Amino acid sequence: MILIATLNHLPMPPSINESYIQVGIHRVSSSSHKKFKLLMQRWGLLNYNKIQNIKKKLDKIDGSGRVCLSFVFKFPASKLTLKNTTMPKKLDTSNRIKSSEDAVCKLLGFDDRFVFKLIAEKVEGKIEEFDCSVYNLD
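Let us look at the structure shown here. Each residue is numbered by its place in its chain's sequence as written, counting from 1. Side-chain atom pairs in this predicted model are given and counted only at pLDDT of 80 or more, local residue features only at pLDDT of at least 70, and totals for whole chains, interfaces and linings cover all residues. Think of the side-chain values as coming from all heavy atoms in the structure, minus any hydrogens and water.

1. Quick notes on the nonpolar core
- Core analysis: the largest hydrophobic core is formed by 28 residues, its most contacted members being Leu7, Leu69, Val104 and Leu108.
- With six residues, helix α5 (residues 97–108) is the single largest residue contributor to this core.
- The contact criterion used is simple: two residues touch if any of their non-hydrogen atoms lie within 4.5 Å. Among residues more than four places away in sequence, those in contact with Val104 are Leu7, Leu10, Met40, Leu69, Phe71, Phe130 and Cys132. Throughout this description, the term nonpolar core refers to a set of buried Ala, Val, Leu, Ile, Met, Phe, Trp, Tyr and Cys residues connected via side-chain atoms within 4.5 Å. Partly exposed residues are those whose accessible area sits between 20% and 50% of the maximum for their type, while under 20% is buried and over 50% is exposed, using a 1.4 Å probe and protein chains only. Secondary structure elements follow DSSP: runs of H or I of four or more residues count as helices, runs of E of two or more count as strands, with numbering from the N terminus.

Here you go:
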């Protein structure tokens, strides 16, 4: 694996359970999911030069290139453990992966069909946010 780039301090996506709502027979994006998408766009605009440099690196990968995305989801301690215990709260890391994967792929301009490996972990942080490292697997 060769590191292409690391994106830091990305806005935390809502869990998949909070990302969509049922309207009649259709599932549509919730307001929290729409807000996340806007925050990702804002992050991309604020980091425009960095994104352009990453896109140049990704362009050098052959069209059949394989990518690994490594996510670190950061939560305040109060969200990770039950009050006055060391028992972890129910906070599924996997419920945030798909939204994060889609958002990072869109930000960097490549299709998620090139993602062949995902790594995810949750850690204690000051605020809810995530980091994503992008690797070339070829």
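2. Concerning the side chain of Ser70
- Checked against the element boundaries, Ser70 lands in strand β4 (residues 67–75).
- Given the relative accessible area of 15%, Ser70 is considered buried.
- Leaving out residues up to four positions away in the same chain, Ser70 has contacts with Ile119, Asp131, Cys132, Ser133 and Tyr135.

3. Concerning the pairing of β4
- Of all nine residues in β4, eight are buried; the element is thus mostly enclosed.
- Two strands make a pair as long as DSSP finds a minimum of two bridges between them. Note that β4 and strand β5 (residues 115–124) share nine bridges and pair parallel. In the strand pairing of β5, Val72 is matched with Glu121.
- With eight bridges joining them, β4 and strand β6 (residues 129–136) adopt antiparallel strand pairing. Bridge pairing in β6 links Ser70 to Ser133.

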